[in-house]
Structure formats: C-alpha cells, structure tokens
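Chain residues, written in single-letter form:
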Amino acid sequence: MRPARMLLFAAVPLLATASVYVLAPGDTDASGAGPDLSAAYRAQAAEETEDAQGAKEWAEQAGSSAGYRVLGSVPPGLAAPARKDLAQQLVASAENSTLDWRSAYAYIEDIGDGQGYTAGIIGFCTGTEDLLALVEGYTKAHPDNGLARYLPALRAVDGTDSHEGLDPGFPAAWKAEAEVPAFRAAQDAARDRVYFDPAVRLAKLDGLGALGQFVYYDAMVFHGPGTDPTSFYGLREAALEKAASPTGGGSEKTYLDVFLDLREDAMRTRHPGIDTTRVDTAQRRFLHDGNLGLRTPLEWQVYGETFKVP
C-alpha cells in the first residue's frame, strides 16, 4: 500500500559541489557501522541543512579556509552494484512480493490507496506526479512512444485517484511499453533521481552504513520526498530532534531505532491498521541483529512471506 506523496524537489538543498568529503577509507568499520566522519564531512552535512555558520566552523577545522579540502572518496555503500541490486530486492519484496524486481517494470494496478494507478519498479502513481513526470520526460526523448497519447489525461488526473481518460487502454499501453529497453532505462533513471540517490546521499551525510542507507531509501519510496510529518524529510527531521545521528556524535543503532519508530507511527497515521512488517520483521530485524552493514545472507518476512538472499 502506498501513501500520498508530495514531490517537493526543492525542499532539501542540493550542494553545487561535485565532490563529497570524507576521511573514511572503507564502507563500514569492523562492526559494520557507518564511517567515523571527518570535520570536512561534518561541514558538508552542516551545509546540507543550511547551517552556514556550522559549515564554516567545521570547514575551518578541516583545514581549508577556501572551502573543503578533498580528503578522499565516499565509499559507495548501497550504491555499489551488488548492494544496489540487494536494495531493489528488499523493496520489491514489500512492493511486489517478489525478489525479481525487474519483473515489476510492467506492473500496473489500482491498489485502492487513493493514488490511482500504481505502476513500475518503484510504484510510480498517477495521482502523485511521479508517474506523470516519468512519462513526460520519456516522451521528450521518445516522442512516438505508446504512452504519449495519455499525457493529457495523466495531467488531468494528477493529484486524484481518477482513471478518467486512462481506461480502458492505459494499463495495456504501460505493459507494452515496459517491453521497450528505453522505457525500462527511464524507470531506472527516475527511481535513482527522485528516490535512491537523494536517500543514500543524505544517509551518508548522516553517517549511516548500508543498512541505514536502505532504511532511508525504503522510507523515501513509501512515504515520498515531502516535508510534512509523515513524509521522508519530515521523518528525518523529527528523528534528528529525538536522537543524534552518527554525524552528530550519536549511536547509529539508537538513531535508526528512533527513525523506524517514527516511521511506523507515520504509516499508521496515514493508514490505520496497515501492515508494518516491511519495518518490523525486515529492517528492524537486521538492526537488532547488529547487521548495520547489511551483510548477506539475509532472511526476512513481509506480509507473512519469508524471503532469503544467500
């Protein structure tokens, strides 16, 4: 089940710099936790939250009066190919009850959550702008695609659960277009741009390892990149008020526990009685096992079904 999403792309500032600064030489420490952040890394995190004075102070401690000194490369974490594939499997287990996440390119269904049609590998919705944005961008590059004729209807139903102008042909057109490699690539690019890349990047700035990066990503997918209390950026802000992130000197495990508590509350606020096993018997299980590095093998349950990755 997918809640309403508010796509506020400008809600969180993006740094103009191309480099990210960190001392950490590896993905995690021996315990699997996130890296110990340098002063330069803390400076970037401060700038990310628009704390100009804090960014300046940390940058000075990092030894650069002109900005940040490049201290090394941020480890890929969840963005490493094998880890990213694992992340897609974990999301697909909750979104589509399968580990074969690529099978979801052609998925389309109205699941009765008030968001119209839910479709594709990340659950783009006709009622929440992201599906419209996907088809608009794809049509600019491929004007003759089979979904282009539905753009007027998609614009009209955006923000509603209406199928007006979409039935009966849109689901079949989506499934047919999903056979086209270019449309699959467009879905991948939209997923990364709106959900995966911002979530993983911000998790790294908060000092989180691979599990924490996935926790942020799955929350971004489910709750959407909005700033209200039940959307991703609102949840992160509330978590930081209750517990310090590793960047702020806090415990990674404690911080993630707080974030997951808030996330479950938000899920129930939007949908009373909702099944929260994608958190309870998956992410929280990994956390309580101390698997902050999201090391395989993994076993988890979602909606009563058991999944395993060797």
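Computed from a predicted model, the values in this text were never measured in an experiment.

Participant: Help me out: how do you make sense of the overall build of the protein chain in this one?
Facilitator: When helices and strands are tallied, the protein chain shows 11 helices and five strands. The buried share of the protein chain, reckoned over its 310 residues, is 54%. Of the roughly 13000 Å² that the protein chain leaves accessible, carbon and sulfur atoms contribute 52%.

Participant: What's the story with the nonpolar core in this structure? I'm lost.
Facilitator: With 79 residues, the main nonpolar core has F170, W174, Y216, Y217, F259, L294 and W300 as its most contacted residues. The element contributing the most residues to this core is helix α7 (residues 181-205), with 11 residues. Sequence-distant contacts of Y217, defined by excluding residues within four places in its chain, comprise A87, Q88, V91, I122, R191, Y195, F196 and A199.

Participant: Honestly, the sheet that holds strand β1 (residues 108-109) in this entry has me stumped. Any pointers?
Facilitator: Read from one edge of the open sheet, three strands run β1-β2-β3, paired in antiparallel fashion. Of all the strands in the sheet, the pair left with one neighbour each is β1 and β3 (124-125). In the sheet, β1 pairs with strand β2 (residues 118-119) via two bridges, with the strands oriented antiparallel. Looking at the pairing, E109 lines up with T118 of β2.

Participant: Would you mind going over the pairing of strand β4 (residues 298-302) with me for this structure?
Facilitator: Two faces belong to every sheet, and in a regular strand the side chains alternate between them. Burial of the side chains of β4 is restricted to one face: L298, W300 and V302 are buried, whereas none of E299 and Q301 on the reverse face is. Strand direction decides the pairing type here: β4 and strand β5 (residues 305-309), joined by five bridges, are antiparallel. Each residue of the ladder has a partner; that of Q301, found in β5, is T306. What sits between the antiparallel neighbours β4 and β5 is a turn of two residues, in which Y303 has the positive phi angle 55 degrees.

Participant: Even after reading the chapter, I still don't get unusual backbone geometry, so can you show me in this structure?
Facilitator: Only a minority of non-glycine residues have a phi that is not negative, and only a minority of peptide bonds are not trans. The omega torsion across D167 and P168 is 5 degrees, close enough to zero to call that bond cis. As for its placement among the helices and strands, P168 is situated in the loop between α5 (151-157) and α6 (170-177). Phi is positive for Y303, which is not a glycine, with a value near 55 degrees.

Participant: Would you explain the environment of G304 in this entry?
Facilitator: Within the element layout of this structure, G304 appears in the loop between β4 and β5. Accessibility expressed as a relative area gives 73% for G304, which makes it exposed.

Participant: Explanation requested: the pattern of salt bridges in the structure shown.
Facilitator: Pairs can form between side chains of opposite charge whenever their charged atoms are close. The full count for this structure, using the stated rule, is 15 salt bridges. Between D85 and R102 there is a salt bridge whose closest N-O contact spans 3.4 Å. Highlighted residues: D85 in helix α3 (residues 81-95) and R102 in the loop between α3 and β1, separated in sequence by 17 residues. D85 sits in the partly exposed class, given a relative accessible area of 24%. With its nearest N and O atoms 2.9 Å apart, the salt bridge here joins R191 to D192. Exposure class is identical for R191 and D192. Each is buried. One salt-bridge network, held together by shared partners, links D257, D261, E264, D265, R268 and R284.

Participant: Help me understand the confidence of the model for the protein chain in this model?
Facilitator: Detailed conclusions should not be drawn from predicted coordinates in areas where pLDDT is low. Across the protein chain, pLDDT averages 83, with 76% of residues at or above 70. Throughout residues 1-41 the model reports pLDDT below 50, and contacts reaching past four residues in sequence, or to other chains, amount to 119 contacts. Counted against residues more than four places away or in other chains, residues 61-73, with its pLDDT under 50, gives 25 contacts.

Participant: Explanation requested: the packing of aromatic side chains in the structure shown.
Facilitator: Where two aromatic rings form a pair, the distance of their centres and the angle of their planes describe that pair. What the rule picks out here adds up to 14 aromatic pairs. Taking 4.9 Å as the distance between ring centres and 85 degrees as the angle between the ring planes, the aromatic pair formed by F196 and Y217 counts as edge-to-face. Of the two residues, F196 is situated in helix α7 and Y217 in helix α8 (residues 210-223); the sequence distance between them amounts to 21 residues. For the ring pair W300 and F307, a centre distance of 5.9 Å and an interplane angle of 25 degrees mean the geometry is stacked. When sorted by exposure, W300 lands in the same class as F307, which is buried. Among the aromatic residues, ring-to-ring pairing joins Y117, Y138, Y150, F170, W174 and F183 into one connected group. Between the NZ or CZ atom of K84 and the centre of the ring of F196, over which it lies, the distance is 4.8 Å.

Participant: Is there a simple way to think about helix α4 (residues 130-141) in this case?
Facilitator: One full turn of an α-helix is made of 3.6 residues, so residues set three or four places apart face in the same direction. The terminal C-alpha atoms of α4 lie 17 Å apart, and with 12 residues this matches the ideal 16 Å at 1.5 Å per residue to within 8%. Here α4 has its buried residues at D130, L131, L132, L134, V135, Y138 and T139.

Participant: Could you clarify how one ought to interpret the packing of helix α9 (residues 232-242) against helix α10 (residues 252-270) in this entry?
Facilitator: Two quantities define a packed helix pair, namely the angle between the helix axes and the distance between the axes. Where α9 contacts α10, the two axes come as close as 9 Å, and the packing angle between them is 135 degrees. What the angle tells us is that α9 and α10 run oblique. For the crossing formed where α9 meets α10, the hand is right-handed. Across from F232, L235, R236, A238, A239, L240 and K242 in α9, the residues of α10 making contact are Y255, V258, F259, L262, R263 and A266. Residues belonging to the contact of α9 with α10 are distributed by class as follows: 10 nonpolar, no polar and three charged.

Rules used in this analysis
Per chain, residues are indexed from 1 in the order of the written sequence. Since the coordinates come from a predicted model, pLDDT governs what is reported: local features require at least 70, and pairs of side-chain atoms require 80 or more to be given and counted, while whole-chain, interface and lining totals use all residues. The basis for the side-chain values is all heavy atoms of the structure; hydrogens and waters are excluded. Secondary structure counts use DSSP, requiring at least four H or I residues in a row for a helix and at least two E residues in a row for a strand, with both numbered from the N terminus. Remark: exposure states derive from per-residue accessible area (1.4 Å probe, protein chains only) relative to the maximum for the residue type, with buried under 20%, exposed over 50%, and partly exposed in between. Every accessible area reported is derived by Shrake-Rupley at a probe size of 1.4 Å, with residue values counting cover from the shown protein chains alone. What is meant by a nonpolar core is a set of buried Ala, Val, Leu, Ile, Met, Phe, Trp, Tyr and Cys residues, joined one to another through side-chain atoms within 4.5 Å. By definition, residues are in contact when any of their heavy atoms lie within 4.5 Å. Strand pairing is assigned whenever DSSP detects at least two bridges linking the two strands. Note on definitions: salt bridges are taken to be side-chain nitrogens of Lys or Arg within 4 Å of carboxyl oxygens of Asp or Glu. The predictor's confidence in any single residue is recorded as pLDDT, a number from 0 to 100. Working definition: a ring pair exists when centres of Phe, Tyr or Trp rings (six-membered ring for Trp) sit within 6.5 Å. Plane angles under 30 degrees give stacked, over 60 give edge-to-face, the rest tilted. To sit over a ring, a charge needs its Lys NZ or Arg CZ within 6 Å of the ring centre and within 35 degrees of the ring normal. Here a helix's expected span is defined as the number of its residues, less one, multiplied by 1.5 Å. Axis lines are fitted to C-alpha atoms, over the contacting stretch for helices. Their N-to-C directions set the angle, which ranges from 0 to 180 degrees. Each angle is binned into one of four classes, with values under 35 degrees roughly parallel, values over 145 roughly antiparallel, values of 65 to 115 roughly perpendicular, and all other values oblique. Rotating anticlockwise by less than a right angle from the far helix to the near helix defines a left-handed crossing, while the corresponding clockwise rotation defines a right-handed one. In the scheme used here, Gly and all other residues not listed as nonpolar or charged are polar, with Ala, Val, Leu, Ile, Met, Phe, Trp, Tyr, Cys and Pro taken as nonpolar and Asp, Glu, Lys and Arg as charged.

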